[in-house]
Amino acid sequence: MRERVTREVLTDMAMGETRVFQCGDARACDSGKATAYQMQNILGCKFTAETDYANGTLTLTKGMR
């Protein structure tokens, strides 16, 4: 099942929380990563991302700036 990285999901994440998203393919992973990086400025936090293109997963951690 493909999971989308949305603004709502990123907003609802707690500080220090890590989530693994099953994006499905490289394009979806890159899109999710771009969404997270854009939301950093709005939420005043820092997202770190790890992409596993072979398995189509994106791991995001929400942290302090």
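The structure reproduced in this document is the subject of the present report. Since the structure is predicted, the reported quantities are computational estimates derived from the model, not experimental observations.

**Focus: the sheet that holds strand S2 (residues 46-52)**
Line of reasoning, step 1. Strand order in the open sheet formed by three strands is S1-S3-S2, and the pairing between neighbours is antiparallel. Only two strands of the sheet have a single partner each, and these edge strands are strand S1 (18-22) and S2. Across the sheet, the axes of successive neighbouring strands diverge by a mean angle of 20°, strand direction being ignored.
Line of reasoning, step 2. On top of the sheet, helix H2 (residues 26-43) reaches S2 and strand S3 (57-63); it is set at about 175° to S2, its chief contact.

**Describing the pairing of S3**
Line of reasoning, step 1. A large share of S3 lies buried, amounting to five of its seven residues.
Line of reasoning, step 2. As defined by bridge partners, S1 adjoins S3 across five bridges and the pair is classed as antiparallel. Looking across to S3, one finds that Phe21 is bridged to Leu58.
Line of reasoning, step 3. Examined bridge by bridge, S2 and S3 share seven bridges and lie antiparallel to one another. Paired with Phe47 across the strands is Lys62, a residue of S3.

**Observations regarding the nonpolar core**
Line of reasoning, step 1. Counting 13 residues, the largest nonpolar core has Val5, Leu10, Phe21, Phe47, Leu58 and Leu60 as its most contacted members.
Line of reasoning, step 2. Elements represented by at least two residues in this core include exactly helix H1 (7-12), H2 and S3.
Line of reasoning, step 3. For this core, the leading source of residues is H2, giving three residues.
Line of reasoning, step 4. If near-sequence neighbours (up to four positions away) are discounted, Phe47 is found in contact with Leu10, Met13, Ala36, Tyr37, Met39, Gln40, Thr61 and Lys62.

**Description of the side chain of Lys62**
Line of reasoning, step 1. Structurally, the position occupied by Lys62 is in strand S3.
Line of reasoning, step 2. Among buried charged residues, Lys62 stands out as having no salt bridge; its nearest opposite-charge side chain is Glu17, 7.3 Å away.
Line of reasoning, step 3. Among the polar contacts listed, one links the side chain of Lys62 to the backbone oxygen of Leu10, at a separation of 3.2 Å.
Line of reasoning, step 4. Discounting residues that sit within four places of it in the chain, Lys62 has contacts with Leu10, Thr11, Met13, Ala14, Met15, Gly16, Glu17, Leu43, Cys45, Lys46 and Phe47.

Here is what the cut-offs are and how they apply
- Residues numbered from 1 in each chain as written.
- Predicted model: local features only at pLDDT ≥ 70, side-chain atom pairs only at ≥ 80, totals over all residues.
- Heavy atoms only, no water.
- Pairing = 2+ DSSP bridges.
- Helix = DSSP H or I, 4+ residues; strand = E, 2+ residues; numbered from the N terminus.
- Axes fitted to C-alpha atoms, helices over the stretch in contact; angles between N-to-C directions.
- Contact = heavy atoms within 4.5 Å.
- Buried < 20%, exposed > 50% of the residue type's maximum accessible area, 1.4 Å probe, protein only.
- Core = buried A, V, L, I, M, F, W, Y, C linked by side-chain atoms within 4.5 Å.
- Lys, Arg positive; Asp, Glu negative; His and termini not counted.
- Salt bridge = Lys/Arg side-chain N within 4 Å of Asp/Glu carboxyl O.
- Polar contact = N/O pair within 3.5 Å; in protein donor to acceptor, adjacent residues only side chain to side chain.

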